[in-house]
Amino acid sequence: MKYYADFHIHSHFSRATSKELNLEHLFVWAQIKGIQVVSTGDFVHPGWLKELREKLVPAEDGLYRLRPDLAKPMQSRVPPACQGEVRFILSAEISNIYKRMDKVRKVHNVILAPNLSVAEAVQGRLDEIGNIRSDGRPILGLDSRNLLEIVLESDPLSFLVPAHIWTPWFSALGSKGGFDRIEDCFADLTPEIFAVETGLSSDPPMNWRLSQLDPFVMVSCSDAHSPAKLGRESTILETDLSYPAMYKALKDRSDKGLIGTVEFYPEEGKYHYDGHRQCRQRLHPRQTIANKGLCPECGKPVTVGVMARVEELADHPDGRKSPNAREYFSLIPLPEIISEARGVGVNSKAVQTVFMEMLAKLGNEMAILQHIPVAEIQKVSGSVIAEGIRRMREGQVEIAAGYDGEYGKIKLFSEDERDSIDNQLTLFG
Amino acid sequence: MNGTASTTSSPYLGKTLMANFPQPENVNAAQWRAVSAPGGRLLIIAGPGTGKTHTLTYRIFCRLKDLALPQKFCVITFTNKAAGEIKERVRSLCGEEKAGRQLTVGTFHSFCWQILNEHAQDAGLPAQLQCAAPPDIAEMAKAIWPQTTAAQRKNILALVSSWKSCSYTAPVPDEVVVYNRELRQRGFLDFDDLLLETLILLRKNPVLLREIQNGYPEIFVDEYQDINPVQHDLLKLLVGNSGGITAIGDPNQAIYGFRGSDTRFFESFSGDFPGAQVMTLQENYRSGKNILSASSQVIEKNPDCQVPALTAQMYVDGRLTIYEAATDKAEAEYVVHNIEKFVGGTSMFSHDSGRVDSHAEGEWSFGDIAVLCRLKAQMRLLVKAFEQLGIPSHVSGQEVSEEAEGLDFICPSRYDDITLDVEKVTLMTLHASKGLEFPVVFIVGCEECLLPLHWEKMVSDREEERRLFYVGMTRAKERLFLTRARKRVLFGKTYQPRISPFLTDIEDSLKDYEEAILRSKKRKKEDEQMSLF
């Protein structure tokens, strides 16, 4: 079957996350968002693993489902048009901070385990070497390569995916805490890496510009810190619904199970351009170079974003396609499209109301963004939103790129346009 | 004492020994003078960061080259770790085989243990020697003095140990008599006995003594400032009239006076070992010059300090920051937040929230940072603060304990290390920090009562406390933070200590005062409000 998977999220045990990040809410939101396989996140945290043991029951091989008695009362919160099966897969993120080759390296890695006992074994190993209790995403002074070794020793089906590989502060190729090559990070164990996570600020074509990434497939995940962010990026697979099948689809290059990824427009990510948030300086990498890497406002070095870093490490021009390339779809979260169309804040009541209305009448968010014909959407949402979705699908999007921790700002319509498109028709049927 | 003291050759040095290899590039002039000094008797005063172990190993190597088989050198260290390090370094200089065949490296205890084992009968000891471990002793003491409290027994045992290691020439106290009788009845020696019994054995058995002297024509002693009277007497006996001795250490770093160590032995060295030269290493390769100047200003106030000041060889200036927190809790949070900043932020949140500004470049990792304190009791709040921010830290308990070191050679497997190499911030007592170095060092609790320690019944020697503080300061390479709290809870009592007098010994121009951020923000707000009216 074809399904959407989100391998990297967090629980309420992680720092700066929503209290609602529990299994019940993940169950609800996965359906709303149209995600069939969702990560548990944070399995290294003892408190969270205990919850997983209590609230999950085995489903297909290596996958779990929410205990039926817990799922039932939650199901009423999911619009019937969105309802579907939800499976959980065990994953966790580790923040590895350590010195290698005289430089401080800060690399985030996502690890996946094929069942709860393997997860517990990995947890036990990490418990011996560091503090895994005060953060769902623990900080360990452990070399990424050694983490990979621990993961590999835990089970033949355990694996590690370097997280959001371009993020400046915390990633394998990041400008501040990373390496220039994935193999510098994982050394002799590099062959055991077969997938990398693109992160919000990069999309597959940016990654295809590096021959060194050719051996890997791209996966995309939400790294959600609240349930509503679930599936904002995700991975599309077509396999049997099981952990081993998913593992094979990612690892085996002859397997056709990995279809591709759902992406943010990379400009929307928090670190696409360069700049200084505190100084409100957003710089295109060209401007950064012209400015010798310094902030025009304060004169200190700017935070170099993903675009510049890709440019620095790329050995191919724009437009090159990796031999392992899969499909990708650039989407904008539906609430943002509604917000743009209505000219109101994304967290406003109005956006919420329209969003829920659309879910109830059309189906889950992924279906609305990707599959449901615009004409059908228009009947429910009115012309402007439908036109916004059409433009997004066509890639007719203007974005003020994100930089130094500030998300990019989408622009689908100019002020005049919004007025001229007739949105009087059929807003609520 | 100074490096140009003249020498009269000792009997052992009928043959004058000059360097038998050229000066290596990584050995400076003063070190080279010590390495290649002719004469088998030498005291090297090596301040912090002057290359103590480096110089000692090169000197061992230099002397080893001329040594005839089957003789051996004996190298005495205070910890098994140091023994391992010296063995390793000498091995890399002269090859495994030679080092293995001609070198005995170990602690006083391991050396004596070996002698006693080989000559148990002569010593009037049972053939199967057994050394009592701390739990055995505690249990025995309880049996001997059933009416006493644990604290009282601790005091009695301290008295026994002190007599055995420092004042065994004085009349035997009753407690020692009772204790020893029971100990022997149980077939045990204790750790102090290893040394004392060896001394007694060698004193009454000149043939054996001569045999050992001939087997070890030269002895090398590390950390000479830490030796106690029984160790001193043993060395005198072993070296005798004709043997060689190279001792290295730093009287300014003597911090074990409470265990009977005595820096007097530095001054008496030339008298104890006639013909000895004394040399001083002054070039410091560890600390930035501001940190070194500040440390010197502290130690110079010690009336016994006669060692000339060190000169900084590092390119970095180093920076000394003073911070005063409102409470001990705020002090711990300050330390941990600074560490987060040094590593360049440890979470996305710390960047996105602006808690770490985006210019912060992670220069240091967790393993580069140490937090030192006077008492273990200070650690609780720090551990908590580290846990709250999820920063990896560990309390290092590698304080030099003779008991632990003793156990180590009897059952060495205890310290087999199988843990993965993981970087963590080191949290340790000032005592435990000796011999280590870190780019960034925090010394917390720079308050009277703690530094120097003067807390109810805990009263200590002020000058030893100063040396302890000096040891802590000289661990730092680039950044040194001296922090204190205006309010502290210790052992359940709250007090409001004044600043440590040691801090006032440092001139102001070397100190960077950092203000409590919250306080200054509040003050700013008040200023703004004032201007409204």
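Residues numbered from 1 in each chain as written. Chains lettered and ligands numbered in written order. Predicted model: local features only at pLDDT ≥ 70, side-chain atom pairs only at ≥ 80, totals over all residues.

S.K.: Could you give me a rundown of the overall build of chain A, with the residues and numbers involved?
M.R.: Broken down by element type, chain A carries 16 helices and 17 strands. Taking 429 residues into account, the globule formula puts the C-alpha radius of gyration at 22 Å, and chain A, at 21 Å, falls close to it. Along the longest, intermediate and shortest principal axes, the C-alpha atoms of chain A span 60 × 60 × 40 Å. A buried classification covers 55% of the 429 residues belonging to chain A. (Helix = DSSP H or I, 4+ residues; strand = E, 2+ residues; numbered from the N terminus. Rg over C-alpha atoms; globule rule 2.2 N^0.38 Å. Buried ≥ 20, exposed ≤ 12 C-beta atoms within 10 Å, placed from the backbone.)

S.K.: I'd like a rundown of the overall build of chain B, residues and numbers included.
M.R.: Broken down by element type, chain B carries 21 helices and 19 strands. Within chain B, the proportion of its 533 residues that are buried is 45%. Put simply, of all contacts in chain B between residues at least 6 apart along the chain, 81% involve residues at least 24 apart. (Contact = placed C-beta atoms within 7 Å.)

S.K.: Now, about the sheet that holds strand 4 (residues 218–221) of chain B: what can you tell me, with residues and values included?
M.R.: Residue and element names in this part refer to chain B. If you walk across this open sheet you meet the six strands as 3-2-4-5-1-6, and the pairing is parallel. On the outer flanks of this sheet lie strand 3 (103–107) and strand 6 (277–281), each paired with one strand and no other. Ignoring which end each strand starts from, the neighbouring axes of this sheet average 15 degrees apart. Lying on the sheet, helix 5 (residues 108–118) is in contact with strand 2 (73–77) and strand 3; it crosses strand 3 at an angle near 115 degrees. (Pairing = 2+ DSSP bridges. Axes fitted to C-alpha atoms, helices over the stretch in contact; angles between N-to-C directions.)

S.K.: Go over the packing of helix 7 (residues 150–165) of chain B against helix 9 (residues 191–204) of chain B with me, naming the residues and quoting the values.
M.R.: Residue and element names in this part refer to chain B. It is at 9 Å that the axes of helix 7 and helix 9 come closest, and there the two elements cross at 25 degrees. Put simply, helix 7 runs roughly parallel to helix 9. Where helix 7 crosses over helix 9, the handedness of that crossing is left-handed. When helix 7 is examined against helix 9, the residues Ser161, Lys164 and Ser165 are found in contact with a partner set consisting of Asp192, Asp193, Leu195 and Leu196. Broken down by class, the residue content of the contact of helix 7 with helix 9 amounts to two nonpolar, two polar and three charged. (Parallel < 35°, antiparallel > 145°, perpendicular 65-115°, else oblique. Left-handed = near helix turned anticlockwise from the far one by under 90°. Nonpolar A, V, L, I, M, F, W, Y, C, P; charged D, E, K, R; others polar.)

S.K.: Explain the interface of chain B and chain A to me, and be specific about the residues and the numbers.
M.R.: Facing 29 residues of chain B, the contacting portion of chain A comprises 30 residues. Mapped by element, the contributors of at least two residues to the side of chain B that touches chain A are helix 16 (348–352) and helix 17 (379–389) of chain B. Top element by residues in the side of chain B that touches chain A is helix 16 of chain B. It accounts for four residues. Tallied by class, residues from the side of chain B that touches chain A come to nine nonpolar, 14 polar and six charged.

S.K.: Please set out the packing of helix 2 (residues 52–64) of chain B against helix 3 (residues 80–94) of chain B residue by residue, giving values where relevant.
M.R.: Residue and element names in this part refer to chain B. At their nearest, the axes of helix 2 and helix 3 sit 9 Å apart, and the two run at 50 degrees to each other. Relative to helix 3, the element helix 2 is oriented oblique. Pair helix 2 / helix 3 crosses with right-handed handedness. Residues Thr53, Leu56, Thr57, Ile60, Phe61 and Leu64 of helix 2 form the contact with helix 3, whose own contacting residues are Glu85, Ile86, Arg89, Val90, Leu93 and Cys94. Here the residues of the contact of helix 2 with helix 3 sort into eight nonpolar, two polar and two charged.

S.K.: Can you explain the pairing of strand 6 of chain B? Please cite residues and give values.
M.R.: Residues and elements named next belong to chain B. Along strand 6, five of the five residues are buried, which leaves the element largely enclosed by surrounding structure. The alternating pattern of strand 6 places Gln277, Met279 and Leu281 and Val278 and Thr280 on opposite faces, both of which are buried. Across five bridges, strand 1 (residues 41–46) lies against strand 6 in parallel orientation. Looking at strand 6, one finds that isoleucine 45 is bridged to threonine 280.

S.K.: Can you break down helix 11 (residues 334–342) of chain A residue by residue, with the values?
M.R.: Residues and elements named next belong to chain A. Of all nine residues that make up helix 11, seven are buried, and the element is covered over most of its length. Buried within helix 11 are the following residues: Leu334, Glu336, Ile337, Ile338, Ser339, Glu340 and Ala341. The secondary structure elements touched by the buried residues of helix 11 are helix 12 (349–362), helix 13 (365–370), helix 15 (383–394) and strand 17 (409–411). Backbone geometry just after helix 11 places glycine 343 at a positive phi near 70 degrees.

S.K.: Give a detailed account of the pairing of strand 13 (residues 438–443) of chain B, specifying residues and quantitative values.
M.R.: All names here are of chain B. Burial analysis of strand 13 places six of its six residues in the buried class, the great majority of the element. One ladder, built from four bridges, connects strand 10 (residues 369–373) with strand 13; its direction is parallel. By the bridge assignment for strand 13, isoleucine 369 is matched with valine 440. Across five bridges, strand 13 lies against strand 16 (residues 476–485) in parallel orientation. In the sheet register, phenylalanine 438 faces strand 16, and the bridge partner there is alanine 476.

S.K.: I'd like a rundown of the confidence of the model for chain A, residues and numbers included.
M.R.: Per-chain confidence: chain A averages 93 in pLDDT, with 98% of residues scoring 70 or above. Low confidence marks residues 425–429 of chain A, where pLDDT is under 50. Its contacts with residues over four positions away, or in another chain, come to eight contacts. (pLDDT = per-residue confidence, 0-100.)

S.K.: I'd like a rundown of helix 14 (residues 289–300) of chain B, residues and numbers included.
M.R.: Residues and elements named next belong to chain B. With twelve residues, helix 14 extends 16 Å between its outermost C-alpha atoms, agreeing within 8% with the 16 Å of an ideal straight helix rising 1.5 Å per residue. Turning to helix 14, its buried residues number three or more, namely Asn290, Ile291, Leu292, Ser293, Ala294, Ser295, Ser296, Val298 and Ile299. Close packing links the buried residues of helix 14 with strand 7 (283–284), strand 8 (311–312), strand 9 (319–325), helix 19 (462–473), strand 16 and helix 20 (501–504). (Expected span 1.5 Å × (residues − 1).)

S.K.: So what's going on with the sheet that holds strand 10 of chain B? Which residues, and what values?
M.R.: Residues and elements named next belong to chain B. Strand order in the open sheet made by the seven strands is 11-12-10-13-16-9-19, with parallel pairing throughout. Both edges of this open sheet fall to strand 11 (393–395) and strand 19 (511–514), since each of them pairs with a single strand only. Direction aside, neighbouring strands of the sheet carry axes that sit 20 degrees apart on average. Pairing between strand 9 and strand 16: seven bridges, direction parallel. Bridge assignment links alanine 325 to a residue of strand 16, and that residue is alanine 485.

S.K.: Talk me through the confidence of the model for chain B; I want residue IDs and the actual numbers.
M.R.: Residues and elements named next belong to chain B. For chain B, the mean per-residue pLDDT works out to 85, and 86% of the residues sit at or above 70. Contacts for the low-pLDDT stretch residues 518–524, under 50 throughout, to residues beyond four places or in other chains number one contact. For this predicted complex, the interface score ipTM comes out at 0.85, while the overall pTM is 0.87.

S.K.: Can you break down the nonpolar core residue by residue, with the values?
M.R.: Residue and element names in this part refer to chain B. Core analysis: the biggest nonpolar cluster contains 188 residues, and Val335 and Val371 have the highest contact counts within it. Once residues within four sequence positions are removed from consideration, valine 371 is found in contact with Val335, Leu382, Val425, Leu427, Phe442 and Val444. Counting 69 residues, the second-largest nonpolar core is a separate cluster that includes Ile76, Leu103, Leu116 and Ile212. (Core = buried A, V, L, I, M, F, W, Y, C linked by C-beta atoms within 7 Å.)

S.K.: Can you break down the environment of B:Ala82 residue by residue, with the values?
M.R.: With respect to the helices and strands, the residue B:Ala82 is situated in helix 3. Put simply, B:Ala82 and B:Asp192 are 110 residues apart on the chain and 20 Å apart in space, counted from C-alpha to C-alpha.

S.K.: So what about the environment of B:Tyr470? Which residues, and what values?
M.R.: Mapped onto the fold, B:Tyr470 is located in helix 19. Setting aside residues no more than four positions away along its own chain, B:Tyr470 makes contact with B:Asn252, B:Ser295, B:Val298 and B:Ile299.

S.K.: Could you give an account of unusual backbone geometry, with specific residues and numbers?
M.R.: Of the consecutive residues B:Leu451 and B:Pro452, the connecting peptide bond is found in the cis state with omega at 0 degrees. Note that B:Pro452 resides in the loop between strand 13 and strand 14 (454–455). Positive phi values are uncommon outside glycine, yet A:Asp102 reaches one of about 65 degrees. Of note, the phi angle at B:Glu223 is positive, near 55 degrees, even though the residue is not glycine. Along the polypeptide, B:Glu223 turns up in the loop between strand 4 and helix 11 (229–239).

S.K.: Would you mind going over the environment of A:Tyr407 in detail, with residue names and values included?
M.R.: Residue and element names in this part refer to chain A. Structurally, the position occupied by tyrosine 407 is in the loop between strand 16 (398–400) and strand 17. Tyrosine 407 gets classed as buried once you count the C-beta atoms within 10 Å, which come to 20. Counting along the chain gives 195 residues from tyrosine 407 to glutamine 212, while the straight-line C-alpha distance between them is 28 Å. Contacts of tyrosine 407, omitting those with residues within four sequence positions, involve Glu268, Lys270 and Gly402.

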